[in-house]
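# Examining the three-dimensional arrangement
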Amino acid sequence: EMDSAQNNSPHQILITNVSSYLGRHLAQKLLENNQIVFGVAKEAFSSPILSHQNFTLLELDAAQPLPEYLPNFNVIYDLDAIDANLNNAYAQFTHISPSLQNFINTANNKKVKLFIALPIRTNPEFVEYLSAKEIQGEIALRLIGDIYGPQLEIHKKTNNPFLNLIAQAYLT
């Protein structure tokens, strides 16, 4: 979805929740395509991406404006909404998280492509609200159901009832 044909230089990409299954695999694919990837993790994780020369793990509060020392990102993948803690807020459309509002502002001010992954249970009014946002950059919303794959860690307790059911069946 990036215009690499027009510009042969790699894109600078930020991925939130890079420690998630989806975040790790998205980062890996982007790195395989010679992109420069910055990631923000919610928890400690182990992955080959951590040692890749084009990957930088950041420690920052995404609810705050991005620090000046960071590059101007071409693309931001906001995967934070997949987190079970925000599922209920987005299902009920009670608020926009400060980090999402910050990324919308960044996309607006710097003409960044912003991809927002939302849980499939997201309130349709919330999707309409985000779709109606007028921003200078591009915004793309993706509704995502429960994610499972062959390299997903199922040995630990999560906030995802679907994964907990798979883990329970696997471990018994």
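Just above, that's the structure.
Residues numbered from 1 in each chain as written. Predicted model: local features only at pLDDT ≥ 70, side-chain atom pairs only at ≥ 80, totals over all residues. Heavy atoms only, no water.

### Let's talk about the overall build of the protein chain
Definition in use: Comment: elements are numbered from the N terminus, with helices defined as DSSP H or I runs of at least four residues and strands as E runs of at least two. For every residue, the accessible area (1.4 Å probe, protein chains only) is compared with the maximum for its type, and the residue is labelled buried under 20%, exposed over 50%, or partly exposed between those bounds. Contacts between residues were defined by any pair of non-hydrogen atoms, one from each residue, lying within 4.5 Å. Areas reported as accessible are Shrake-Rupley estimates using a 1.4 Å probe. Residue values count occlusion only from the protein chains shown.
Along its length, the protein chain carries five helices and six strands. Helices (α) and strands (β) of the protein chain occur, in sequence order from the N terminus, as β-α-β-β-β-α-α-β-α-β-α. Split into buried and exposed, the 172 residues of the protein chain put 43% on the buried side. Restricting the contact set of the protein chain to residue pairs at least 6 apart, pairs at least 24 apart contribute 63%. Looking at the protein chain as shown, the accessible area adds up to about 9900 Å², and 49% of this sits on carbon and sulfur atoms.

### Notes on helix 4 (residues 124-132)
Quick reminder: α-helices carry 3.6 residues per turn. Residues three or four places apart thus point the same way. Our working rule: The directions from the helix axis to the C-beta atoms are what the arc is built from.
Residues F126, V127 and L130 constitute the buried set of helix 4. When helix 4 is viewed along its axis, its buried side chains cluster within an angular range of 100° and face the same direction. Facing away from the buried side of helix 4 by over 90 degrees, the exposed positions are P124, E125, E128 and A132.

### Here we look at the pattern of salt bridges
Test applied: A side-chain nitrogen of Lys or Arg and a carboxyl oxygen of Asp or Glu constitute a salt bridge if their distance falls within 4 Å.
Tallied over the full model, the rule gives two salt bridges. With its nearest N and O atoms 3.5 Å apart, the salt bridge here joins E32 to K29. Here K29 and E32 lie together in helix 1 (residues 21-32), a separation of three residues that amounts to about one turn. According to the relative accessible area criterion, E32 is partly exposed, its value standing at 49%. Salt-bridge contacts for K42 lead to D80; the nearest nitrogen and oxygen are separated by 3.8 Å.

### A word on the nonpolar core
Test applied: Only buried Ala, Val, Leu, Ile, Met, Phe, Trp, Tyr and Cys residues count toward a nonpolar core, and they belong to the same one when joined by side-chain atoms within 4.5 Å.
In this structure, L14 and L130 are the most contacted members of the largest nonpolar core, which totals 22 residues. Looking at this core, the elements that each hand over two or more residues are strand 2 (36-40), helix 3 (98-110), strand 5 (113-119) and helix 4. By residue number, the principal contributor to this core is helix 3, which donates four residues. Not counting chain neighbours up to four residues away, the residues in contact with L14 comprise F38, V40, L58, L66, F73, V75, I76, Y77 and F103. Formed by 17 residues, the second largest nonpolar core is a distinct cluster that contains I13, A27, F115 and A117.

### Topic: the pairing of strand 5
Defined as follows: Between any two strands, at least two bridges found by DSSP are needed for them to pair.
In terms of burial, strand 5 is largely enclosed, as seven of its seven residues are buried. What you see with strand 5 is no split at all: K113, F115, A117 and P119 on one side and L114, I116 and L118 on the other are buried throughout. Pairing between strand 4 (residues 75-78) and strand 5: four bridges, direction parallel. The residue of strand 5 that forms the bridge with I76 is L114.

In short, geometric facts, not functional conclusions.
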